[in-house]
Amino acid sequence: MQSIIRAMTVAKVLASHSTEKGVTISDLSKQCELPLSTMHRLLQAMIKQGLVEQDERSKTYRLGIRWLEYGLQVYESIDYVSKIRPELERLSKEVEESVYLNKPLGNEAIIVERIDSEKNPIRIYDQLGLRIPMNIGAANKAMLAAMSTDKSFAILPQLLPGDKIAEFQKTLEEIRKQGFAISHSERTEGTSSIAVSLKDGFGRVIGAISIGVVSFNLTEERLEYLRTKVIETGKRISAKLASGS
């Protein structure tokens, strides 16, 4: 069990440096709080499993290709390729904006896909794999609102002070009534997003789709158009997941 925890700690550190050239063993040792000798043995074991790669010239380490293989398998397990991605591409093409797919993960959500519009030079960029607390953003609030009361009640105390929960629950109730969620400048100043939740054939919340836009382009007429399109897309995806077709 200890080895698994250590390996996952290493993976998280390497993932946080995914846009860089790699991480030295000394930096990994410091960030993971492990002796150099222990870190060396752990890295060698992870390299053998394809979980870590080492650059021969710089001697730095990065995540291995095996994680991509596992990720693609997860995509297929949630009917991603055949049922969800085509709808995301269609939505992005129609609205000419970036479209996202979030998946719930405990008291956080993870961005598992982003489809950018080739026709829109102004893009909102949120990195794939980014984890966001469930109380932040339109997509996450849409998922919380669609969950059972017991489930959302269990999540909220982990994210909010006790005196803020009742007010937040009112927000979730409003989202349930209107069938979508909107956020403005919540994570990134000058941006807005509109989202709906997705459910599988058993009524379980399995994700949310959202449209990200730059706020200065967002008129009331444009907002209404985006709302209509994201709701239509959400209904089509949920129908596909429910029918199994």
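Look a little higher up for the structure.
Remember, predicted model here, so these are calculated numbers, not experimental data. (Residues numbered from 1 in each chain as written. Predicted model: local features only at pLDDT ≥ 70, side-chain atom pairs only at ≥ 80, totals over all residues. Heavy atoms only, no water.)

**Here we look at the overall build of the protein**
Argument step 1. Helices and strands together make up the secondary structure of the protein, namely 9 helices and 8 strands.
Argument step 2. Among the 245 residues that make up the protein, the fraction classed as buried is 43%.
Argument step 3. When contacts within the protein are restricted to residue pairs at least 6 apart in sequence, long-range pairs at least 24 apart make up 54% of them.
Argument step 4. About 13900 Å² of surface is accessible on the protein, with carbon and sulfur atoms providing 53% of the total. (Helix = DSSP H or I, 4+ residues; strand = E, 2+ residues; numbered from the N terminus. Buried < 20%, exposed > 50% of the residue type's maximum accessible area, 1.4 Å probe, protein only. Contact = heavy atoms within 4.5 Å. Areas by Shrake-Rupley, 256 points an atom, 1.4 Å probe, with all protein chains shown as cover.)

**What to know about the nonpolar core**
Argument step 1. Counting 24 residues, the largest nonpolar core has Ile-209, Ile-211 and Val-230 as its most contacted members.
Argument step 2. Elements that contribute at least two residues to this core include exactly helix 5 (80-95), strand 3 (98-105), strand 4 (108-115), strand 7 (191-199), strand 8 (205-214) and helix 9 (220-243).
Argument step 3. Looking at which element gives the most residues to this core, the answer is helix 9, with 6 residues.
Argument step 4. Those residues within four positions of Ile-209 in sequence are excluded, and the remaining contacts are Leu-88, Leu-91, Tyr-100, Leu-101, Ile-194, Ala-195, Val-196, Leu-198, Val-230, Thr-233, Gly-234 and Ile-237. (Core = buried A, V, L, I, M, F, W, Y, C linked by side-chain atoms within 4.5 Å.)

**A look at the sheet that holds strand 3**
The strands that make up a sheet pair up through hydrogen bonds in the backbone, lying either parallel or antiparallel.
Argument step 1. One open sheet accounts for 6 strands, arranged 5-4-3-8-7-6; its pairing is antiparallel. The sheet is open, and its two borders are formed by strand 5 (131-133) and strand 6 (181-184), each paired with just one other strand. Direction aside, the axes of adjacent strands within the sheet are offset by 30 degrees on average.
Argument step 2. Summarising the sheet, strand 6 and strand 7 pair through 4 bridges and their orientation is antiparallel. Within the sheet, the bridge partner assigned to Ser-183 lies in strand 7 and is Ser-193.
Argument step 3. With respect to the sheet, helix 6 (residues 138-146) is in contact with strand 3, strand 4, strand 5, strand 6, strand 7 and strand 8, its orientation differing from that of strand 7 by roughly 30 degrees. (Pairing = 2+ DSSP bridges. Axes fitted to C-alpha atoms, helices over the stretch in contact; angles between N-to-C directions.)

**Looking at the pairing of strand 8**
Argument step 1. By the criterion of burial, strand 8 is predominantly enclosed, with 10 of the 10 residues buried.
Argument step 2. The pairing of strand 3 with strand 8 spans 5 bridges and is classified as antiparallel. By the bridge assignment for strand 8, Val-99 is matched with Ile-211.
Argument step 3. Of the pairings in the sheet, the one linking strand 7 to strand 8 comprises 9 bridges and is antiparallel in character.

**Looking at the environment of Ser-152**
Argument step 1. Residue position: Ser-152 is located in helix 7 (residues 149-155).
Argument step 2. Assessed through its relative accessible area of 1%, Ser-152 is described here as buried.
Argument step 3. Taking the C-alpha atoms as reference, Ser-152 lies 9.7 Å from Met-134; in sequence the two are 18 residues apart.
Argument step 4. Beyond its immediate chain neighbours, meaning those up to four positions away, Ser-152 contacts Leu-144 and Arg-176.

**So, the pattern of salt bridges**
Argument step 1. Applying the stated criterion across every chain, the model contains 16 salt bridges.
Argument step 2. Lys-229 is paired through a salt bridge with Glu-94; the nearest N and O atoms lie 3.8 Å apart. Here Lys-229, found in helix 9, pairs with Glu-94, found in helix 5; they are 135 residues apart in sequence, far enough to count as distant.
Argument step 3. Here Asp-200 ties to Arg-204 by a salt bridge, and the two come within 2.8 Å at their closest N and O atoms.
Argument step 4. By sharing partners, the salt bridges in this structure join Arg-90, Glu-94, Lys-229 and Glu-232 into a single network. (Salt bridge = Lys/Arg side-chain N within 4 Å of Asp/Glu carboxyl O.)

**Some remarks on helix 2 (residues 25-32)**
Argument step 1. Within helix 2, the full set of buried residues consists of Leu-28, Ser-29 and Cys-32. Taken down its axis, helix 2 places every buried residue within 100 degrees of arc, on the same side.
Argument step 2. The inward-facing, buried residues of helix 2 contact helix 1 (2-16), helix 3 (36-48) and strand 2 (61-63).
Argument step 3. Count one or two residues on from helix 2 and you reach Glu-33, which has phi positive near 55 degrees. (Arc of directions from axis to C-beta.)

**Some remarks on the packing of helix 1 against helix 3**
Argument step 1. At their nearest, the axes of helix 1 and helix 3 sit 11 Å apart, and the two run at 85 degrees to each other. The orientation of helix 1 with respect to helix 3, classified from their angle, is roughly perpendicular. For the pair helix 1 and helix 3, the contacting residues are Ser-3, Arg-6, Ala-7 and Val-10 in the first and Thr-38, Met-39, Leu-42, Leu-43 and Met-46 in the second. (Parallel < 35°, antiparallel > 145°, perpendicular 65-115°, else oblique.)

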